[in-house]
Amino acid sequence: MIDDMSVTPAERKPIVSAADFDLSDYDFWARPMPEREHAFRLLRGLDHPAFYEEMEISFAPKGPGYYALVKHADILEASRNPEVFCSGDGGATNIPDMPPEFTEYFGSMINMDDPRHARLRRIVSRAFTPKMIKQFEADVEAAAVRIVDDLIARGSGCDFVTEVAAKLPLKIICDMMGIPERDYGSVFDRSNVILGGFDPEYGGDDMTTVAEKLLAAGMELQQLVQDLAAHRVERPTGDLTSSLVNANIDGEKLTAQELGSFFILLVVAGNETTRNAISYGLRLLTQNPDQRALLLADLDGHLPGAVEEIVRLASPVNFMRRKVTRDHEMNGQLYRKGQKVVLYYWAANRDESVFPDPLRFDVTRDPNPHVGFGGPGPHFCLGAHLARREITVMFRELLRRIPQIEGGRPERLYSSFINGIKHMDCAF
Ligand code: HEM
């Protein structure tokens, strides 16, 4: 269990029953991890999913509330049934419906349903050709070697998140898209703002300021892709932006707006999630020396299992939302048309009926049917293969060259959506 916390509300009531906390209260997400674990265990123990009022936000009307889906079985079933549990109609990446001015930047396929979703996914997944994926794999290895070289040169005591965990996914996603190195810093900052929630380091705790900063970050990333795309229409350079801008699948092309919002989705999804998995991974290895020893005894044999276990326990994406399109009964609960459900992957990944001793970090866990990359269905993570590759290569490189490396007390992101670590010292 990751037991550290940096954001602690001034006063908090002890959690004895499911009535003692409210998932819509942002302070809930500042509680120490053992309290969060306990709260979700209580929710999983209920006969029916708990229902929550939505929080008031200044830039959208208050919604009808939502059911918290916390059991593995509910998340699998809702994911498999996108006709009933849809991702469009207000979005999947947010609990309140997304205001229309946001959809220009954040309305990509993750927030769409078929047939628009299928059309976009078809176009972009054909741009991820085997040749391109192969090329990324070689790049991942080379980038990881350089990051560990620099870490060794810098020495113990540096911030593992900014110097190691963040660097690999940032470089890979920027290389894929053809973003030049001089823009890495600004891409990093914009994606922190977009996924930074209410953390004062990135967005702030004032709702209106957070919304303004979000829109500004979206606009700046869209400007970046438009500049890149403009050059690549005439002269394709072999990167993903070139493929996307020139993609013509059965006569279908991306519009400028689709390209912009897909670019933002990839940059944000490809960065934060993998960074947090790598940071949690180091912390888990530090807290579980027996598992580190096991891993070191057979690195290639145990790394695939370790990567799955890291993604399960880290669950970098805490939830996705769905809206109910028609009255429907699922696992004994009736959901009415227009209601919302929130799929808490983090909670399902700790479901004791599926994962024996769920808080134990076990690199040999088998089977490990976690839902860290989403449930089975049309929105299953497009970057899962790449993310697994990045985490594997990073830990292989680190553990081969600095097998004793340890992660200190993590400074956690204040967010209900992303399980993030902002900073963490490392020692070796
Ligand atoms: C450990 C790393 C990662 C985690 C935990 C993660 C998690 C997720 C989850 C939970 C979803 C499901 C959304 C849903 O069902 O509504 C998703 C979708 C997606 N992910 Fe990832 N992701 C990771 C890495 C990546 C990377 C590296 C990329 C890009 C290169 C990426 C791109 C996407 C895209 C484009 C979607 C939307 C797919 C669709 O709607 O069809 N992800 N991811």
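Conventions adopted
Residues numbered from 1 in each chain as written. Predicted model: local features only at pLDDT ≥ 70, side-chain atom pairs only at ≥ 80, totals over all residues. Heavy atoms only, no water. Helix = DSSP H or I, 4+ residues; strand = E, 2+ residues; numbered from the N terminus. Buried < 20%, exposed > 50% of the residue type's maximum accessible area, 1.4 Å probe, protein only. Near = heavy atom within 4 Å. Polar contact = N/O pair within 3.5 Å; in protein donor to acceptor, adjacent residues only side chain to side chain. Nonpolar A, V, L, I, M, F, W, Y, C, P; charged D, E, K, R; others polar. Contact = heavy atoms within 4.5 Å.

A few words now on unusual backbone geometry. Asp114 connects to Pro115 through a cis peptide bond whose omega is 5°. Positionally, Pro115 belongs in the loop between helix 3 (100-106) and helix 4 (116-127). Here the residue pair Asp366 and Pro367 is connected by a cis peptide bond, since its omega of 5° sits within 30 degrees of zero. Topologically, Pro367 is positioned in the loop between helix 14 (345-348) and helix 15 (384-401). Positive phi outside glycine occurs at Asn331, with the angle close to 45°. Tracing the backbone through its elements, the reader meets Asn331 in the loop between strand 5 (328-330) and strand 6 (333-335). Look at Asn331 and you get partly exposed, because its relative accessible area is 45%. If you check the backbone angles, Asp357 has positive phi at about 45° while not being a glycine.

The subject of this paragraph is the site of the ligand. Taken together, 26 residues are adjacent to the ligand, and His117, Arg121, Arg322, His379 and Cys381 come closest. For the ligand, an oxygen atom lies 2.7 Å from a polar atom in the side chain of His117. Within the side chain of Tyr345, an N or O atom sits 3.5 Å from an oxygen atom of the ligand. Elements supplying a minimum of two residues to the shell around the ligand: helix 4, helix 11 (256-287), strand 4 (319-324) and helix 15. With six residues, the single largest contributor to the shell around the ligand is helix 11. The residue inventory of the shell around the ligand, partitioned by class, reads 16 nonpolar, eight polar and two charged.

Here we take up the environment of His72. Secondary-structure assignment places His72 in helix 2 (residues 72-80). His72 gets classed as buried once you look at its relative accessible area, which sits at 6%. Residues His72 and Phe417 lie 345 residues apart in sequence; the distance between their C-alpha atoms is 18 Å. Excluding anything up to four places from it in sequence, His72 contacts Ala348, Asp351, Val354, Phe355, Pro369 and Val371.

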